[in-house]
Amino acid sequence: MLDTPRSASPLALATIPHPSPTTAAERAARIANPGFGRVFTDHMVTIRYREGAGWHDPVLGPRQSLSFDPSTAVLHYAQEIFEGMKAYRAPDGGTALFRPAANAARFRASAERMAMVPLPEAMFVDAVTALVRAERDWIPPVVGGALYLRPFMIASEVFLGVKPSSEYLFAVIASSVGAYFKGDAPAVSLWVSQDYSRAAPGGTGAAKCGGNYAASLIAQAEATRRGHDQVLFLDAVEHRWIEELGGMNIFFVFNDGSIATPPLSGTILPGITRDSLLTMARDAGREVREEAYAIDQAQADAARGRLVEAFACGTAAVVTPIGAMTVGETRFAIGNGQPGPVTAALRAALVALQLGEAADPYGWHVRID
């Protein structure tokens, strides 16, 4: 996965001062226990595109509501994409991003799949960096605390007609976050959906667009109703092959120490955390396979002790142990249902790189101050 952004002219952001920024005392109170996705910072970045004018008017200004005409294209044809990434506080007090160029490359790929005009990758990285520099004090001083960044792009042309938009709005907002999953359970449980599919061959499964997540919500609601933390989707053709969770990739650990994850085939989001773990595990000398894995085989392997650990991964949840799955009326544990040593080791190694606590041979920890 690309970690060097394509070159572009430096982003010359206009800066608009916030008329009433959050006080230091109020900010400290809000980020003391931020939860996830509910505490937002003062500023945002916006850049606009218009056919014939290109990308223009980059602004770092106050976070504010967006106003749209009722016929704005995104409201009718869902031409939109987004990214998820984090900024971290380094041990020396500095601030860093993790693989921002990889997010920029995936954002470009998502735009191309959705017939949107791609934002230059260097412009993406510059916009994200500018916002983090402005909001670094919002990184929570809690375990797992970070500044969650949400770059997104929407079709902003005022037009009722099924065609690619001629105008777009790109924006970046930021949220102070703690742990993604709530509760004291050491591992999450999964409900295996047999009625709904997340993506199909030829669809948008590999793009990070809102429609994929909207389509997953009914299955996630069913999982929650049945007492599970997350839904696990199978392939749309045979309803047998494991693909991914509603918003995370999945890995399996076997009793010989090897690791496997479903292969990217156009229906699975190419997660940056997924790619990072694959690289790190291989470099640590582990056998790593990207191969199809059936849910019935997983159940059989868990029963006979071959499948000993499983975990989900993504920017928000980092690395999260999976303790059990339910297929129909059958619930089965993975290993002893607790976090396993391989999962714990991979998570610790990844977090150490993200925070700058370990030597980084990959150039993934990108200091911005």
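The structure we're discussing is the one just above.
This is a predicted model, so every value here is computed, not measured. (Residues numbered from 1 in each chain as written. Predicted model: local features only at pLDDT ≥ 70, side-chain atom pairs only at ≥ 80, totals over all residues. Heavy atoms only, no water.)

Quick notes on the packing of helix α6 (residues 272-283) against helix α8 (residues 341-355)
When two helices pack together, their arrangement is captured by the angle between the axes and the distance separating the axes. It is the contact of α6 with α8, at a shortest axis distance of 11 Å, that shows an interaxial angle of 110 degrees. The orientation of α6 with respect to α8, classified from their angle, is roughly perpendicular. Of the residues in α8, those touching α6 at Thr273, Ser276, Leu277, Met280 and Ala281 are Leu346, Ala349, Leu350 and Leu353. Class assignment of the residues belonging to the contact of α6 with α8 gives a composition of 7 nonpolar, 2 polar and no charged. (Axes fitted to C-alpha atoms, helices over the stretch in contact; angles between N-to-C directions. Helix = DSSP H or I, 4+ residues; strand = E, 2+ residues; numbered from the N terminus. Parallel < 35°, antiparallel > 145°, perpendicular 65-115°, else oblique. Contact = heavy atoms within 4.5 Å. Nonpolar A, V, L, I, M, F, W, Y, C, P; charged D, E, K, R; others polar.)

Looking at the side chain of threonine 95
Mapped onto the elements of the fold, threonine 95 is located in strand β7 (residues 95-98). Polar side-chain contacts of threonine 95 include one of 3.5 Å to the side chain of arginine 89. (Polar contact = N/O pair within 3.5 Å; in protein donor to acceptor, adjacent residues only side chain to side chain.)

Some remarks on helix α3 (residues 100-113)
With 14 residues, α3 ought to run about 20 Å at 1.5 Å a step, and its terminal C-alpha atoms sit 20 Å apart, in line with that. Count one or two residues on from α3 and you reach alanine 115, which has phi positive near 60 degrees. (Expected span 1.5 Å × (residues − 1).)

Topic: the packing of aromatic side chains
As enumerated under the stated definition, the model contains 13 aromatic pairs in all. A centroid spacing of 5.2 Å and a plane angle of 55 degrees characterise the contact between phenylalanine 82 and tyrosine 213, whose relative ring orientation is tilted. Remark: tyrosine 213 occurs in helix α5 (residues 210-225) and phenylalanine 82 occurs in strand β5 (residues 80-82); sequence separation between them is 131 residues. Residue classification places phenylalanine 82 among the buried residues on the basis of a relative accessible area of 10%. Taking 4.2 Å as the distance between ring centres and 20 degrees as the angle between the ring planes, the aromatic pair formed by tyrosine 362 and tryptophan 364 counts as stacked. A cation over an aromatic ring shows up here: arginine 63 above the ring of phenylalanine 40, its NZ or CZ 4.3 Å from the ring centre. (Phe/Tyr/Trp six-rings, centres within 6.5 Å; stacked < 30°, edge-to-face > 60°. Buried < 20%, exposed > 50% of the residue type's maximum accessible area, 1.4 Å probe, protein only. Lys NZ or Arg CZ within 6 Å of the ring centre and 35° of its normal.)

Quick notes on the pairing of strand β4 (residues 54-62)
Remember that side chains alternate between the two faces of the sheet whenever the strand is regular. Pairing of strand β1 (residues 14-15) with β4, which is carried by 2 bridges, proceeds in the parallel orientation. In the sheet register, threonine 15 faces β4, and the bridge partner there is leucine 60. Pairing geometry for strand β3 (residues 43-50) and β4, over 7 bridges, is antiparallel. Residue pairing for β4: valine 45 is matched across the bridge by leucine 60. (Pairing = 2+ DSSP bridges.)

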